[in-house]
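Next come the chains, spelled out residue by residue.
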Amino acid sequence: MNLKTTYLGLELKHPLMASASPLSKTADQIKLLEEAGAAAVVMHSLFEEQLTLEEQQLDNTLNYGTESSGEALSYFPELGSFNIGPDEYLEQIALAKKSVDVPVIASLNGVTTGWWIDYAKKIEEAGADALELNVYYIPNRIDQSGSEVEELYLDVLREVKRGVSIPIAMKLSPFFSSTPNMAYKLSKEGADGLVLFNRFYQPDLDLEKLEVVPNLILSSSYEMRLPLLWIAVLFGKVKTDFALTTGIHNHLDVLKAMMVGANVAMMTSEMLSKGRGRFKEILHEMAQWMEEHEYDSVEQMRGSMSQKNVADPSAFKRANYMKMLASFRPDPNSQLP
Ligand SMILES: Cc1cc2nc3c(=O)[nH]c(=O)nc-3n(C[C@H](O)[C@H](O)[C@H](O)COP(=O)(O)O)c2cc1C
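Please read these numbers as outputs of a predicted model, since none were measured by experiment. (Residues numbered from 1 in each chain as written. Predicted model: local features only at pLDDT ≥ 70, side-chain atom pairs only at ≥ 80, totals over all residues. Heavy atoms only, no water.)

Participant: Pulling in residues and values, what's your account of helix α1 (residues 27-36)?
Facilitator: Taken residue by residue, α1 has Ala 27, Gln 29, Ile 30, Leu 33, Glu 34 and Ala 36 as its buried positions. Of the surrounding secondary structure, the elements contacted by the buried residues of α1 are β3 (16-18), β4 (41-42), α5 (86-99), β6 (104-110), α11 (269-274) and α12 (278-292). (Buried < 20%, exposed > 50% of the residue type's maximum accessible area, 1.4 Å probe, protein only. Helix = DSSP H or I, 4+ residues; strand = E, 2+ residues; numbered from the N terminus. Contact = heavy atoms within 4.5 Å.)

Participant: Please give an account of the packing of aromatic side chains that cites residues and values.
Facilitator: Scanning the entire structure with this criterion turns up five aromatic pairs. On the numbers, 5.1 Å between centres and 75° between planes, the contact of Tyr 153 with Phe 176 is edge-to-face. With a gap of 23 residues between them, Tyr 153 in helix α7 (residues 146-163) and Phe 176 in the loop between β8 (168-172) and α8 (179-188) connect regions that are remote in the sequence. Of the two residues, Tyr 153 and Phe 176, both sit in the buried class. Feature note: the residues Tyr 136, Phe 175 and Phe 200 constitute an aromatic cluster, connected by ring pairs. Sitting above the plane of the Tyr 119 ring, Lys 122 keeps its charged end 4.7 Å from the centroid. (Phe/Tyr/Trp six-rings, centres within 6.5 Å; stacked < 30°, edge-to-face > 60°. Lys NZ or Arg CZ within 6 Å of the ring centre and 35° of its normal.)

Participant: Go over the confidence of the model for the protein with me, naming the residues and quoting the values.
Facilitator: Confidence along the protein averages 91 in pLDDT terms, with 91% of residues attaining 70 or more. Long-range and interchain partners of residues 64-75, a stretch whose pLDDT sits below 50, account for 13 contacts in this model, where long-range means more than four residues apart. (pLDDT = per-residue confidence, 0-100.)

Participant: Residues and numbers for the site of the ligand, please.
Facilitator: Close to the ligand lie 20 residues; Ala 20, Ser 45, Asn 134, Ser 219 and Ser 269 are nearest. Between Ser 19 and the ligand, the recorded distance is 3.5 Å, taken from a side-chain N or O atom to an oxygen atom. (Near = heavy atom within 4 Å. Polar contact = N/O pair within 3.5 Å; in protein donor to acceptor, adjacent residues only side chain to side chain.)

Right, here's the structure in full:
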């Protein structure tokens, strides 16, 4: 059974990768993921806020302990334990590259332009095989238009592409007015891959304390339907690779990702809840399924159920929405009239 695939020009022995998570912060952890069977690993992100904080701390030291970093420090009180610092991040890339054979993809996460290129260059020098850029932007100004937000993503990509030659993937939010057009523009600017989608973490409210609280709930397979839809629509229309992230929990999810046209499927929640052992289990079940259904390779199935190739392309359009609403039948045991 040939499970091989390519992603960002990298040859992978199969399509199941580890996405950025707390289990990919260090070279030792990356090694464990390789041993568990991940075909490639995206490192936990280096965040813009970490770099800002470090600069402010340095300023503070140079200014003999003035309070200039007070705001940043109070803003991110747990940053120290949250992640490793920028220098250590680069060290971990270099260490990982010495100890593992699978591709190591670094990750930068931020929102403002102007700082990405320095770190992208350092990441390239440290030996990363590719770089994922996560522009996790939550617009909250009513005078900022959708096209301004899109320009932000494009500017970040241009900035990084100008300075490095390793492949670049963009991890996107699902909330663009036209996802296909945004994907097209990013591919025109040289994005080697699109990682669809960033999970949009929404805060909850604590009604007793009257506080807004972060509340991370791990994903379920159901959530893969959003990236599934858009990769199906984009496959064969936009020249770039696709990574499906969010909702990959079992072999059927990986197979669906391949069939709509993804190059790879990325996994975090399943591994965080059930352990790294899930990589090998899922791969085994995937190979078994392919044998039973007479597929010889992943390449053979890739894109076979994309909008371009599926028997009924309207299934990915508005017609399907109407069909879906019309097909709803209430549970016979429910109290509905
Ligand atoms: C605890 C945790 C930490 C994460 N850290 C990062 C990160 O540093 N950078 C990033 O781009 N995504 C990060 N993610 C998002 C994952 O890479 C992934 O895209 C998301 O969890 C959806 O995939 P899943 O359904 O397999 O969990 C994190 C997710 C979790 C649950």
